[in-house]
Amino acid sequence: MNQQPIGVFDSGYGGLTVLKEIIKKLPQYDYVYLGDNARAPYGTRSFESVYHYTLECVQWLFNKGCPLVILACNTASAKALRTIQQNDLPKIAPGNRVLGVIRPTTEKIGDYTQTKQVGILATAGTVLSESYIIETNKFYPGVTVFQQACPMWVPLVENNEHNSKGADYFIEKDLNALLDQSKNIDTILLACTHYPLLKHKIQQFLPEGISLLSQGEIVADSLEDYLVRHPEIEERCSRQGKLAFFTTDSPADFDAHATIFLGRKTHAKHADMDEVKLTKKNARGFHS
Ligand code: DGL
């Protein structure tokens, strides 16, 4: 049996906050992380762009041999996952699987709220997709979801400005815009994998009695459960506890930033998306 690493993808560094929790929970597996830093942020891009970039990155991870890819990015999960699962996967790699972060989170979110009113802080792309409203409604029809887009938060984090005074301004503004929508919100989900880096700052502006939720642990628990329920995928995942990091931009920049997200050093390599474009041209039936 050819065993290969699990792929973890994000537009940039944010997915490392999810990978960190996955490694804690499931340290026995090997992981390949791909950050599309050259094209981040995704949050303000069109559906078409996010879909095309995400599909290229998924294909790149499949070319590396990954039997399973986790989209550790809410924006990609909201805008690209369904089309990739339904249209592309059957053509490019029918035996492989791609999972996102929205479904595992919405499966659990109703358990955290007493008032049945939940706030979502996310990128503009995730908010516009209404994925959190639609998915939460499936699992918890009695829970109302309020959303607020925070378009400046990812750039603040990607540019290492998340501890600055500038960050305070945007955090207070967007948090208030969410809380102004209802007085009864008791749970706020950080529905962007970059936002855990802003958690301590958000806490400063958060009224008492409201809890703040990051999704890393929820996604890690859900992956553990998935692997138990899908032995046909689990037995294709290699188990030596190895980590490899790739970025579509500069590996030196990636290594300089990644530690604050992951809590350990990385030695990233460059990922060339032109390799995927070649595969795409050659592959019959590749959705273009
Ligand atoms: N980290 C991604 C998310 O969870 C988005 C970041 C971006 O805008 O690229 O939505």
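Please refer to the structure higher up on the page.
Chains are numbered independently. Their residues run from 1 in the order of the written sequence. This being a predicted model, a pLDDT of at least 70 is required before a residue's local features are given, and a value of 80 or more before pairs of side-chain atoms are given or counted; all residues contribute to the totals for chains, interfaces and linings. By convention in this description, side-chain values take in all heavy atoms of the structure and omit both hydrogens and water.

Draft legend 1. Summary view of the packing of helix 2 (residues 47-63) against helix 4 (residues 81-92). In this analysis, axes come from line fits to C-alpha atoms, helices being fitted only over the stretch in contact, and the angle between any two N-to-C directions falls in the range 0 to 180 degrees. Only DSSP runs of H or I covering at least 4 residues are called helices, and only runs of E covering at least 2 are called strands; the numbering of each starts at the N terminus. Across the interface, helix 2 lies against helix 4 with an axial gap of 12 Å and an inter-helix angle of 40°. Comparing the axis directions of helix 2 and helix 4 gives the class oblique. In terms of crossing hand, the pair formed by helix 2 and helix 4 is right-handed. On helix 4, the residues touching Tyr51, Thr54, Leu55, Val58, Gln59 and Phe62 of helix 2 are Thr83, Ile84, Asp88, Leu89 and Ile92. Polar here means any residue outside two lists: the nonpolar Ala, Val, Leu, Ile, Met, Phe, Trp, Tyr, Cys and Pro, and the charged Asp, Glu, Lys and Arg; Gly therefore counts as polar. In terms of residue class, the contact of helix 2 with helix 4 is built from seven nonpolar, three polar and one charged. Roughly parallel means an angle under 35 degrees; roughly antiparallel, over 145; roughly perpendicular, 65 to 115; everything else is oblique. Should the near helix be turned anticlockwise from the far one by less than a right angle, the crossing is left-handed, and should it be turned clockwise, the crossing is right-handed. Should any heavy atoms of two residues lie within 4.5 Å, those residues are considered in contact.

Draft legend 2. Quick peek at the sheet that holds strand 9 (residues 243-247). Pairing between strands is defined by DSSP: at least two bridges between them are needed. Spatially, six strands are ordered 4-3-1-2-9-10 in an open sheet, and the strand pairing comes out parallel. Here the strands that pair on one side only, and so sit at the sheet edges, are strand 4 (97-99) and strand 10 (269-270). Alignment of strand 2 (residues 31-35) against strand 9, held across five bridges, turns out to be parallel. By the bridge assignment for strand 9, Leu34 is matched with Phe246. Docked against the sheet, helix 1 (residues 15-25) engages strand 1 (6-10), strand 2 and strand 9, running at close to 170° with respect to strand 2. Seen against the sheet, helix 13 (residues 251-262) touches strand 2, strand 9 and strand 10 and runs at an angle of roughly 125° to strand 9.

Draft legend 3. Representation of the nonpolar core within the structure. Residues enter a nonpolar core if they are buried and are Ala, Val, Leu, Ile, Met, Phe, Trp, Tyr or Cys, with the set joined through side-chain atoms within 4.5 Å. The buried label applies to any residue whose accessible area, calculated with a 1.4 Å probe on protein chains only, is under 20% of its type's maximum; exposed applies above 50%, and partly exposed to all values in between. Among the nonpolar cores identified, the biggest contains 53 residues, and Leu16 and Ile188 are the most heavily contacted of them. Those residues in contact with Leu16, other than ones at most four positions away along the chain, are Tyr33, Phe245, Phe254, Ala258, Phe261 and Leu262. Residues Tyr51, Phe62, Val69 and Leu71 belong to the second largest nonpolar core, which totals 29 residues.

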